[in-house]
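Working through the structure, step by step
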Amino acid sequence: MPLHSVSVAGVVVRDDGSVLAIRRADNGTWEPPGGVLELDEHPEDGTVREVLEETGICVSVERLTGVYKNMSRGVVALVFRCRQVGGVERTSQESTDVKWLTPEEVKKWMGEVYAVRVLDALAPAVAPHVRVHDGRHLIKG
């Protein structure tokens with residue numbers, strides 16, 4: 001029986017409403033920082049680790065804002081809204097650029113399945129969103 005992979009991402013929000021994003025080194029797309037959760041790792045700890053590794057920014061996790069499943073790859077992503085608590089922006093082996101984007105830039109620069117994660121995290125606090133997609137587009141259910 002096939003297994004799922006679990007990833008985490010942090011939507012780091014500044015007081016001015018801008019969000020931290022990386023341009024991925026492998027495919028050039030803009031996304032919130034994140035990656036695969038390790039087997040012995042709590043989701044919040046994995047989020048803090050991934051954001052720091054990819055951007056140089058230290059964060060605290062505020063809340064889970066969404067669960068997203070890529071139906072074609074079997075990847076479940078847990079997305080957390082975060083706040084910066086330290087660090088300085090820098091690139092890594094996984095990122096060629098790190099920027100603070102406005103919500104308008106997120107809509108313009110990110111693909112649909114990543115932009116919705118950021119916009120869900122910027123929405124007023126509600127129960128986490130649960131969405132499915134095919135890797136490029138949301139699947140309406």
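Coordinates for the structure precede this section.
Everything numeric in this text was worked out from a predicted model, so none of it was measured.

**Focus on the sheet that holds strand 7 (residues 95-101)**
Judged by pairing direction, the sheet is antiparallel, and its three strands sit side by side in the order 3-2-7 without closing on themselves. In this open sheet, the two edge strands, each paired with only one partner strand, are strand 3 (30-31) and strand 7. Relative to strand 7, strand 2 (residues 19-24) runs antiparallel, the two being bridged by six bridges. Along strand 7, the bridge assignment pairs isoleucine 22 with valine 98. Strands in contact with helix 1 (residues 43-55) are strand 2 and strand 7; relative to strand 2, the strand with the most contacts, it is inclined by about 60°.

**A few points about the environment of aspartate 26**
Topologically, aspartate 26 is positioned in the loop between strand 2 and strand 3. Note on aspartate 26: relative accessible area 57%, which makes it exposed. Taking C-alpha positions, aspartate 26 is 21 Å from valine 79, a pair spaced 53 residues apart along the chain. A distance of 2.4 Å separates polar atoms of two side chains, one belonging to aspartate 26 and the other to arginine 24.

About the cut-offs
Residues numbered from 1 in each chain as written. Predicted model: local features only at pLDDT ≥ 70, side-chain atom pairs only at ≥ 80, totals over all residues. Heavy atoms only, no water. Pairing = 2+ DSSP bridges. Helix = DSSP H or I, 4+ residues; strand = E, 2+ residues; numbered from the N terminus. Contact = heavy atoms within 4.5 Å. Axes fitted to C-alpha atoms, helices over the stretch in contact; angles between N-to-C directions. Buried < 20%, exposed > 50% of the residue type's maximum accessible area, 1.4 Å probe, protein only. Polar contact = N/O pair within 3.5 Å; in protein donor to acceptor, adjacent residues only side chain to side chain.

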